[in-house]
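Structure at a glance
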Amino acid sequence: MRVVLQNDKNRSRWRPGARASVAALTLAAIASGCVQGGSEVPPAPGQPPPLKAPPARALDGYAAKLRAEYAVRAAAAKRWGLKEVPLKPPPPPVKKPRITTREGFEVDGHLEDDLPPVFTTIPTQHKIVFLTIDDGAEKDPAFLRMMNDLDVPYTAFLSDYLVSEDYAYFKRMQDNGVALNNHTLNHPYLPGLSYDDQKREICGMQDVIEKRYGKRPLLFRPPFGNYNKDTLHAAKACGIKYAPLWNEEVFVDHWDYREWDQDLHPGDIVLSHFRGRDDWEGTMPDMIRRFLDKVTAQGYAVAPLEDYL
């Protein structure tokens, strides 16, 4: 499968002309609400009433709320040993971006058969990335506390042979707002299986997540990122709409990159795993610390993947 080297360096820009226009409109709006001689100036015939500047008390209250929210985030960042306070993502887009399969990641008949798109990045100009965590081997309570304290969104892709050791752990994760998605029953190399066997792996995990957590996922990630035409046909038959992969992978002690520039890009999907000291030299909180320190230092916020699909 050919991997395309791409480097999306688009950035949203605030044009000086736009800034001047907004400033002029703001001044005009405030001026139209001013009083002269203690009485309001009536509107011209056929015109709407003048706009009034919001009460200073309301602005003070809103500013106080923002300061309080930031103080909570700053305290959590200090408690968990982060270098900086994680940035807040922008509001979810009103219009979802169009998701297509990344060039070179297609299978034969991908478009004609309307198979789930395979992608590594979400189209956006905002400086956001998406954290996804796979498998389910490590079940560290400190990780759940850390993510809840910091209010950092992430998406889980689970395999039943690991999750079944403690379904309740992932229920607590779901109760904290985390979406639980499909990573097959047993984490096999799917292209080595027949269509029927692949379908059993994918549909079987759909059944487990629905039974244990109440909802059949729309997202599926093939183990190891390996798939073929049968994989995507089976996924579609099981109700899957999207097959996100990743553009970077973060470990407890380093990062790996798909792109030639070895850097983050707006909309990148980042992969990690539920692992602890049995698999690497550190804990889940250690991995999250490395992840957040890097993305925050580069001006990125972490957004929920599901908000963009």
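Bear in mind the structure is a predicted one, so any value in this text is a computation, not a measurement.

What counts, and where the lines are drawn
Residues numbered from 1 in each chain as written. Predicted model: local features only at pLDDT ≥ 70, side-chain atom pairs only at ≥ 80, totals over all residues. Heavy atoms only, no water. Helix = DSSP H or I, 4+ residues; strand = E, 2+ residues; numbered from the N terminus. Buried < 20%, exposed > 50% of the residue type's maximum accessible area, 1.4 Å probe, protein only. Contact = heavy atoms within 4.5 Å. Areas by Shrake-Rupley, 256 points an atom, 1.4 Å probe, with all protein chains shown as cover. pLDDT = per-residue confidence, 0-100. Core = buried A, V, L, I, M, F, W, Y, C linked by side-chain atoms within 4.5 Å. Phe/Tyr/Trp six-rings, centres within 6.5 Å; stacked < 30°, edge-to-face > 60°.

Regarding its fold elements, the protein presents eight helices and eleven strands. Residue burial in the protein is summarised as follows: out of 309 residues, 43% are buried. Put simply, of all contacts in the protein between residues at least 6 apart along the chain, 71% involve residues at least 24 apart. Element-wise, carbon and sulfur atoms account for 53% of the exposed surface of the protein, whose accessible area totals about 16500 Å².

Turning to the confidence of the model for the protein, a few remarks are in order. When pLDDT drops low, the exact placement of atoms in the prediction is not to be read closely. The share of residues in the protein with pLDDT of 70 or more is 83%, and the mean pLDDT across the chain is 87. pLDDT under 50 marks residues 1-39. Its contacts with residues more than four places away, or in other chains, come to 47 contacts.

Phe 143, Met 173 and Phe 291 are the most contacted members of the largest nonpolar core, which has 46 residues in total. Only α2 (56-79), β4 (128-135), α3 (141-150), β5 (155-158), α5 (167-175), α6 (195-213) and α8 (284-297) provide two or more residues apiece to this core. Counting residues in hydrophobic clusters, the runner-up holds 23 residues, among them Ile 99, Val 118, Ile 128 and Phe 157.

Mapped onto the fold, Leu 232 is located in helix α7 (residues 229-237). The class of Leu 232 is buried, set by a relative accessible area of 2%. In the structure, Leu 232 is positioned 116 residues away from Pro 116 in sequence and 6.4 Å away in space, judged by C-alpha atoms. When sequence neighbours within four positions are dropped, the list of residues in contact with Leu 232 reads Val 107, His 110, Leu 115, Pro 116, Val 118, Tyr 227 and Ala 243.

Our focus in this paragraph is the packing of aromatic side chains. To describe a pair of aromatic rings, one takes the distance between the centres and the angle between the planes. Across all of its chains, the model carries nine aromatic pairs by this definition. Taken together, a centroid distance of 5.0 Å and an interplanar angle of 80 degrees make the contact between Tyr 169 and Phe 170 edge-to-face. Residues Tyr 169 and Phe 170 agree in their burial class; the two are buried. Pairing Phe 170 with Phe 274 gives two aromatic rings, centres 5.8 Å apart and planes at 85 degrees, and the pair type is edge-to-face. Pair noted here: Phe 170 is in helix α5 and Phe 274 is in the loop between β10 (269-273) and α8, with a separation of 104 residues, a long-range link. Residue classification places Phe 274 among the buried residues on the basis of a relative accessible area of 0%. Among the aromatic residues, those joined into a cluster by ring pairs are Phe 143, Tyr 154, Tyr 169, Phe 170 and Phe 274.

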